[in-house]
2 protein chains.
Amino acid sequence: MTTQLEGDGVGVQDSGTDRLGVAWPSYPHEVLGVVLSVRQSQLCVLLWRRRLSPQRGRWALPGGGLSADERLRGAITRHLAVKVDVHEIAHLEQLATHSAVDRDPRGRVLATAYLGLVPSDADSEPPPDTTWQPVDDLPQTAFDHRFFIDAAVERLRAKLSYTNVGFALAPQEFTIAELRDLVSAALGYQVSPTNLTRVMTRRQMIEPTGATSAPGRAGGRPAAVYRFARRELTITDPFAVLKPPR
Amino acid sequence: MTTQLEGDGVGVQDSGTDRLGVAWPSYPHEVLGVVLSVRQSQLCVLLWRRRLSPQRGRWALPGGGLSADERLRGAITRHLAVKVDVHEIAHLEQLATHSAVDRDPRGRVLATAYLGLVPSDADSEPPPDTTWQPVDDLPQTAFDHRFFIDAAVERLRAKLSYTNVGFALAPQEFTIAELRDLVSAALGYQVSPTNLTRVMTRRQMIEPTGATSAPGRAGGRPAAVYRFARRELTITDPFAVLKPPR
DNA sequence: TCAAAAGTGTTCCCCTTACACCCATGA
DNA sequence: TCATGGGTGTAAGGGGAACACTTTTGA
């Protein structure tokens with residue numbers, strides 16, 4: 001079998017043919033979105049319930065097919081907007097591509113998943129049959145979607161520690177208490193607001209806006225309002241060890 | 001356009017059709033290997049020179065098509081063995097999938113790249129038209145392969161710091177001086193053997209075999225021989241900050 | 001005995017963590 | 001003035017980096 005792509009053209013939608021005349025197979029390709037957000041102090045993933053078989057009744061990741069004229073990132077953005085009405089994705093990155101031959105019983109489909117993060121204050125009453133499911137209490141999921149979800153959560157938790165991804169889970173402005181809630185929910189354990197402030201400030205991830213928020217009805221000192229200094233992914237702690245010499 | 005895959009079967013090699021009768025396009029899919037190894041104290045990538053257009057004469061990553069009955073990992077393993085005679089891959093992980101519509105002028109092909117690591121003592125006189133190219137001095141490369149190479153190097157450098165991936169670049173047994181050479185080459189800057197030993201020992205990544213190696217002709221104290229304690233990928237320094245409470 | 005190579009000990013410094021203490025507000 | 005929630009100061013501990021010093025060999 002000749003597998004290196006050389007010579008004459010390879011047509012989309014058909015089996016390709018290389019210059020030796022050997023068939024070059026084609027596969028349908030789907031994109032899936034693992035959309036995470038903190039809802040009611042829990043890290044949640046957006047799932048919708050399948051109405052049809054196979055896997056009828058199970059919870060699945062939103063997504064769909066890759067069209068001939070679009071790229072993977074464009075495809076997942078489109079599907080999330082159209083199908084589950086998600087428009088406020090603050091961060092989107094590719095996770096992995098799965099290729100098990102029988103991952104879909106109807107025939108072979110390759111799947112590329114993306115990790116998408118949505119701020120906790122983004123509106124989104126999700127459409128019918130779609131909900132925010134806490135990742136610590138997942139129902140039975142369809143196909144191999146569970147692997148993608150686990151990978152996404154793991155990736156997020158790791159990146160919270162050495163990048164500023166937190167911005168993608170947080171509102172534009174927030175108090176330290178709110179940020180602590182978000183980060184604790186995302187990581188799955190409590191972090192102290194004291195040190196969270198210090199670490200994030202030292203790394204210049206967050207900065208005070210100057211404003212303060214009104215205290216609750218029980219009183220208390222008004223909280224300072226912060227914002228993320230940058231709202232694009234930045235690596236803030238590049239190397240743990242083996243740093244380059246200064 | 002209906003893009004969610006539901007209902008009737010989707011055939012490989014053909015355009016699929018979902019239950020609404022809307023076409024589900026298929027694409028050829030190739031796998032590429034970014035095979036890295038330290039050669040003569042330089043981090044190198046295995047490239048082969050294209051003999052045919054397009055991109056004739058440019059250096060390309062080894063790889064090839066995905067067959068109907070195999071998965072991506074199997075495909076890249078097969079291609080590396082058959083085409084560039086690489087059998088001693090100590091670590092293999094998926095890097096990314098590129099989907100630019102025009103990434104290959106002959107027609108649309110999706111590409112998934114893998115990062116492969118080969119120990120520095122693996123034989124491999126590479127086949128004709130194939131060489132180990134230092135990543136700091138790359139020639140002009142074909143298609144979008146340069147992006148994959150850069151991503152691979154970046155991934156390796158990051159993981160050297162918080163995992164034991166080093167095992168995949170090192171021989172079974174080695175002295176600290178040899179390990180220092182490898183790590184320095186991979187990272188692109190000198191690391192001190194003193195602290196390298198301490199860090200890797202504390203994390204139980206390496207352990208002495210008890211043997212010593214003969215000194216060179218100029219004399220000198222014989223070096224202790226070490227090995228990696230585990231030869232599978234292990235995360236040794238999970239979180240830089242925001243650790244869970246003890 | 002000297003040079004070369006390898007390994008160890010010690011110190012410094014920065015960062016994270018823990019925790020006590022102080023500040024601002026509503027009732 | 002008290003309870004409540006927020007923020008700051010300070011000390012402890014760990015780990016990595018730097019560097020001097022010791023050990024072991026060949027010539």
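Residues numbered from 1 in each chain as written. Chains lettered and ligands numbered in written order. Predicted model: local features only at pLDDT ≥ 70, side-chain atom pairs only at ≥ 80, totals over all residues. Heavy atoms only, no water.

Per an unreviewed UniProt entry, chain A goes by NUDIX domain-containing protein and derives from Jatrophihabitans lederbergiae.

Residues and elements named next belong to chain A. Pairing within the open sheet is antiparallel, and its three strands lie in the order E10-E12-E11. Every other strand in the sheet has two partners, leaving strand E10 (173-175) and strand E11 (206-213) as the edge strands with one partner each. Going across the sheet, the axis of each strand differs from the next one's by a mean of 40°, ignoring polarity. Looking at chain direction, E11 and strand E12 (residues 223-228) are connected through five bridges and run antiparallel. For Thr212, the partnering residue across the bridge sits in E12 and is Ala224. Against the sheet, helix H3 (residues 176-187) makes contact with E10, E11 and E12, and its axis sits at roughly 95° relative to E10, the strand it touches most. (Pairing = 2+ DSSP bridges. Helix = DSSP H or I, 4+ residues; strand = E, 2+ residues; numbered from the N terminus. Axes fitted to C-alpha atoms, helices over the stretch in contact; angles between N-to-C directions. Contact = heavy atoms within 4.5 Å.)

Contacts to DNA strand D come from 24 residues, most closely from A:Arg198, A:Arg221, A:Ala224, B:Arg202 and B:Gly220. The sugar and phosphate moieties of DNA strand D supply 61% of its atoms located within 4 Å of the protein. Within the backbone of B:Arg221, one N or O atom sits 2.9 Å away from a base oxygen of DNA strand D. Put simply, the parts of the chain that give the surface near DNA strand D at least two residues each are H3, helix H4 (193-202) and E12 of chain A together with helix H4 (193-202) of chain B. Counting residues per element, the surface near DNA strand D draws most heavily on H4(B), at five residues. Of the residues contributing to the surface near DNA strand D, the split by class is 10 nonpolar, six polar and eight charged. (Near = heavy atom within 4 Å. Polar contact = N/O pair within 3.5 Å; in protein donor to acceptor, adjacent residues only side chain to side chain. Nonpolar A, V, L, I, M, F, W, Y, C, P; charged D, E, K, R; others polar.)

Bringing the pattern of salt bridges into the picture now. All told, the structure shown has 20 salt bridges over all chains when counted by the stated rule. Linking B:Glu30 and B:Arg103 is a salt bridge whose minimum nitrogen-to-oxygen distance equals 3.0 Å. Taken as a pair, B:Glu30 in strand E3 (residues 26-39) and B:Arg103 in the loop between strand E7 (91-98) and strand E8 (110-117) lie far apart in primary sequence, 73 residues in all. Residue classification places B:Glu30 among the buried residues on the basis of a relative accessible area of 6%. According to the relative accessible area criterion, B:Arg103 is buried, its value standing at 7%. In the salt-bridge network here, residues are joined through shared partners; they are A:Glu30, A:Arg103 and A:Asp144. (Salt bridge = Lys/Arg side-chain N within 4 Å of Asp/Glu carboxyl O. Buried < 20%, exposed > 50% of the residue type's maximum accessible area, 1.4 Å probe, protein only.)

Moving on: the environment of B:Thr194. Note on placement: B:Thr194 falls in helix H4. The sequence separation of B:Thr194 and B:Gly65 amounts to 129 residues, and the corresponding C-alpha distance is 46 Å.

So, on to the protein's contact with DNA strand C. In the vicinity of DNA strand C lie 24 residues, with A:Arg198, A:Arg202, B:Arg198, B:Ala224 and B:Val241 positioned nearest. Sugar and phosphate atoms constitute 62% of the interface atoms of DNA strand C, taking the interface as everything within 4 Å of the protein. For DNA strand C, a phosphate oxygen lies 2.9 Å from a polar atom in the side chain of A:Arg203. B:Arg198 places a side-chain nitrogen or oxygen 2.7 Å from a base oxygen of DNA strand C. Secondary-structure elements contributing two or more residues to the surface near DNA strand C are H4 of chain A together with helix H3 (176-187), H4 and strand E12 (223-228) of chain B.

Take the domain arrangement of chain A next. Residues and elements named next belong to chain A. Each assigned domain of chain A is listed here: domain 1 (26-160) and domain 2 (170-228). Each of domain 1 and domain 2 was reduced to a C-alpha centroid, and the two centroids are 29 Å apart. Contact residues are listed per partner, giving 10 residues for domain 1 and eight residues for domain 2. Across the domain 1/domain 2 interface, buried area totals approximately 770 Å², and carbon plus sulfur atoms make up 63% of it. At the junction of domain 1 with domain 2, the criterion picks out zero salt bridges. Of all the secondary-structure elements, those providing two or more residues to the side of domain 1 that touches domain 2 are strand E4 (42-49) and helix H2 (145-162). (Domains from an automatic or database assignment. Buried area = accessible area lost by both parts, 1.4 Å probe.)

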